[in-house]
Amino acid sequence: GGANGGGGDGGGGGGGGGGGCDSCLLVYGGVTMREETYTEPNGQATGQLQFSFEQPSTSARLLQYHLGSGEWEELAARGAAPMGRYRHAACAVRDRMIVCGGTIIERREDVATGFQIPISIPTSEVLILHVPTITWSIPQCLGPAPAPHAGQTLTPFADTLLVVGGFTILEDGQGAEEDLSTFHCLDTCRWEWRPLSPLGAPDFTKRSGHTAHLCWGEAGAASAPCLLILGGRDHTPFHDQAHDRHLG
């Protein structure tokens, strides 16, 4: 699956070949599995051995779903086309869809077999899709950016984006994942990152694959919003095994 930015007041609906719409859902990226076949000599004069197995393949497609008609449309975006990715996050800010993080797949040749091995590499890249013109751009962000990450949440609050958790890949040569407990905000007016240190709560359990929702108190309660974080996993790699703890 890919990340999406909603339409309506958030600005996620926009034009395309068929014109604009008021209620649309934009979907970017995702991953699927495709079958690949490799051959190698079988050590005899009779031919070769053939192997078939599935490999992950990322997408850079930008799709628009029309809520009224229930129809899908693939959009041809302008600007610098981003690399395909998955496990990223996206949200709508005014007339833009902002994409953050995710995992990019690089293929590297295995010296022993000659096979192309997929390597998952998280990124901290930020992408902007200007919805009215369907144009991609990449901002030059200031400040201390979060570590390359995927599986995080991205929640808009006014002109600020809140990024919570996710996972990164350890530099252990084995591609082990480790979840994060970090909080960052991104000012979309200045395009500047700032790390956050929440107060008044016990240590936040590192997690990825969770959800985060901006909530306001009931009538008569404090009007300041709060960020409600639900679920996810706490994945900690050990020497020769990994530990997963699912969070409620």
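Residues numbered from 1 in each chain as written. Predicted model: local features only at pLDDT ≥ 70, side-chain atom pairs only at ≥ 80, totals over all residues. Heavy atoms only, no water.

Draft legend 1. Region of interest: the overall build of the protein chain. A tally of regular secondary structure across the protein chain gives 0 helices and 23 strands. Out of the 248 residues belonging to the protein chain, those deemed buried represent 38%. The long-range share in the protein chain, meaning contacts at least 24 apart out of those at least 6 apart in sequence, stands at 55%. When the accessible surface of the protein chain is summed, it comes to about 13700 Å², and 52% of that surface belongs to carbon and sulfur atoms. (Helix = DSSP H or I, 4+ residues; strand = E, 2+ residues; numbered from the N terminus. Buried < 20%, exposed > 50% of the residue type's maximum accessible area, 1.4 Å probe, protein only. Contact = heavy atoms within 4.5 Å. Areas by Shrake-Rupley, 256 points an atom, 1.4 Å probe, with all protein chains shown as cover.)

Draft legend 2. Broad picture of the sheet that holds strand S19 (residues 192-196). Read across the open sheet, the 4 strands follow the order S14-S15-S18-S19; overall the sheet is antiparallel. This sheet does not close on itself; its edge strands, each paired only once, are strand S14 (153-157) and S19. The sheet shows a mean angle of 25° between the axes of neighbouring strands, taken without regard to direction. Alignment of S14 against strand S15 (residues 160-164), held across 5 bridges, turns out to be antiparallel. (Pairing = 2+ DSSP bridges. Axes fitted to C-alpha atoms, helices over the stretch in contact; angles between N-to-C directions.)

Draft legend 3. Focus on the pattern of salt bridges. One pass over the structure, following the stated rule, counts 9 salt bridges. Where Arg-94 meets Asp-159, a salt bridge forms, and the shortest distance between an N and an O atom there is 2.2 Å. Highlighted residues: Arg-94 in the loop between strand S8 (89-93) and strand S9 (96-100) and Asp-159 in the loop between S14 and S15, separated in sequence by 65 residues. Of the charged contacts, one joins Arg-233 and Asp-179 as a salt bridge, the two residues approaching to 3.2 Å between their closest N and O atoms. Taken as a pair, Arg-233 in strand S22 (residues 233-237) and Asp-179 in strand S17 (residues 177-179) lie far apart in primary sequence, 54 residues in all. (Salt bridge = Lys/Arg side-chain N within 4 Å of Asp/Glu carboxyl O.)

Draft legend 4. Just the environment of Ala-212, in detail. Position of Ala-212 among the secondary structure elements: in strand S20 (residues 211-215). Ala-212 sits 58 residues away from Leu-154 along the chain, and the two C-alpha atoms are 7.7 Å apart. Among all residues touching Ala-212, those that are not within four sequence positions of it are Thr-153, Thr-155, Leu-227, Leu-228 and Ile-229.

Draft legend 5. Here's a closer look at the side chain of Thr-155. Within the secondary structure layout, Thr-155 lies in strand S14. When its relative accessible area of 7% is taken as the criterion, Thr-155 is described as buried. Discounting residues that sit within four places of it in the chain, Thr-155 has contacts with Thr-160, Leu-161, Leu-162, Ala-212, Leu-214 and Leu-227.

Draft legend 6. Broad picture of the packing of aromatic side chains. According to the stated counting rule, one finds 3 aromatic pairs in the structure shown. Residues Tyr-65 and Trp-72 carry aromatic rings whose centres are separated by 4.8 Å and whose planes lie at 50° to one another, so their mutual orientation is tilted. Taken together, a centroid distance of 4.9 Å and an interplanar angle of 70° make the contact between Phe-183 and Phe-204 edge-to-face. Remark: Phe-204 occurs in the loop between S19 and S20 and Phe-183 occurs in strand S18 (residues 183-187); sequence separation between them is 21 residues. By relative accessible area, which is 14% here, Phe-183 ends up buried. Geometry around Phe-167 places Arg-233 over its ring, the cationic atom sitting 5.5 Å from the centre. (Phe/Tyr/Trp six-rings, centres within 6.5 Å; stacked < 30°, edge-to-face > 60°. Lys NZ or Arg CZ within 6 Å of the ring centre and 35° of its normal.)

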